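# Observations on the three-dimensional arrangement
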Amino acid sequence: MTFLLRILLTAVVVVFLANFLPGVTVTGYVTAIVVALVLALLNLIVKPVLVLLTLPVTILTLGLFLIVINAIIILLVDAFVSGFQVSGFWIAVLFSILLSIIQSIFFSIAERK
């Protein structure tokens, strides 16, 4: 149940950010759910590999390179999901930062209930 709730909350945040940010588009709600699922899958499989491969750079930048890794994950979702489009790298960085902040707020509220 928690996984399903997290996917639905992430889909809501993706739709909100697509309406808010000028360089992000989502064609519909089903596409947003697919984006949330692919994002969860890539965060589970690809992100740990990228973090491990870029560990020296991440240490040198005191963890700030993780923002770049998150943007790369967003661009990978853009490549895999046809109804989701991010116009560039810096929009992906902004999208990933806002997505992380809003997700953490929503997930903390959902855990209290």
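Residues numbered from 1 in each chain as written. Predicted model: local features only at pLDDT ≥ 70, side-chain atom pairs only at ≥ 80, totals over all residues. Heavy atoms only, no water.

So, about the overall build of the chain. Broken down by element type, the chain carries 5 helices and 2 strands. When its helices and strands are written in sequence order, the chain yields α-β-α-α-α-β-α. Relative to its length of 113 residues, the chain is compact, with a C-alpha radius of gyration of 14 Å against a globular reference of 13 Å. By its C-alpha atoms, the chain is 40 × 35 × 25 Å across when sized along the principal axes. (Helix = DSSP H or I, 4+ residues; strand = E, 2+ residues; numbered from the N terminus. Rg over C-alpha atoms; globule rule 2.2 N^0.38 Å.)

Attention now moves to the confidence of the model for the chain. Confidence in the prediction for the chain averages 93 pLDDT; 98% of positions are at 70 or higher. Per-residue pLDDT, averaged within each element of the chain, yields its smallest value for helix α5 (residues 89-112) (92) and its largest for helix α4 (residues 65-80) (96). (pLDDT = per-residue confidence, 0-100.)

Time to look at the nonpolar core. Ranked by size, the top nonpolar core spans 28 residues in total, and within it Val14, Ile74, Val77, Phe84, Phe95 and Leu99 carry the most contacts. Among the elements of the structure, α1 (2-20), β1 (24-26), α2 (29-53), α4, β2 (84-86) and α5 are those that each provide at least two residues to this core. Looking at which element gives the most residues to this core, the answer is α1, with 7 residues. Residues contacting Phe84, with those up to four places away along its chain left out, are Val14, Val24, Thr25, Val26, Thr31, Val35, Ile74, Val77, Asp78 and Phe95. (Core = buried A, V, L, I, M, F, W, Y, C linked by side-chain atoms within 4.5 Å. Buried < 20%, exposed > 50% of the residue type's maximum accessible area, 1.4 Å probe, protein only. Contact = heavy atoms within 4.5 Å.)

Before going further, it helps to spend a moment on the side chain of Thr31. In this fold, Thr31 is placed in helix α2. Polar contacts involving the side chain of Thr31 include one to the side chain of Thr27, which spans 3.0 Å. When near neighbours in sequence (up to four residues on either side) are disregarded, Thr31 contacts Val26, Val81, Gly83 and Phe84. (Polar contact = N/O pair within 3.5 Å; in protein donor to acceptor, adjacent residues only side chain to side chain.)

It is worth spelling out α2 at this point. Quick reminder: α-helices carry 3.6 residues per turn. Residues three or four places apart thus point the same way. Taking 1.5 Å of rise per residue, 25 residues should cover 36 Å, and α2 covers 34 Å from first to last C-alpha, within 8% of that figure. Maximal helix bending in α2 amounts to about 40°, located at Val46; proline Pro48 follows within four positions. Among the residues of α2, Thr31, Ala32, Val35, Ala36, Val38, Leu39 and Leu42 are the ones counted as buried. (Expected span 1.5 Å × (residues − 1). Bend = angle between axes of the 7 residues up to and from the residue.)

Let us now look at the UniProt feature "transmembrane region" (unreviewed entry) in the chain. Here the UniProt feature "transmembrane region" (unreviewed entry) sits at residues 28-46, 53-77 and 89-110. Regarding residues 53-77, the helix share stands at 80% and the strand share at 0%, and the terminal C-alpha atoms are separated by 20 Å. Here residues 89-110 is 100% helix and 0% strand, with 31 Å between the C-alpha atoms at its ends. (UniProt positions renumbered as here; feature names shortened; annotations may be inferred.)

Attention now moves to the packing of aromatic side chains. For any two aromatic rings, the description comes down to two numbers: the centre-to-centre distance and the angle of the planes. The tally for this structure, following the rule as stated, stands at 3 aromatic pairs. With 6.0 Å between their ring centres and 5° between their planes, Phe16 and Phe20 make a pair best called stacked. On the criterion of helical spacing, the pair formed by Phe16 and Phe20 is a turn pair, its members being 4 residues apart in helix α1. Consider the rings of Phe84 and Phe95, whose centres lie 5.8 Å apart with planes at 55°: the pair is tilted. Residue Phe84 is found in strand β2, and its partner Phe95 is found in helix α5; the two are separated by 11 residues along the sequence. (Phe/Tyr/Trp six-rings, centres within 6.5 Å; stacked < 30°, edge-to-face > 60°.)

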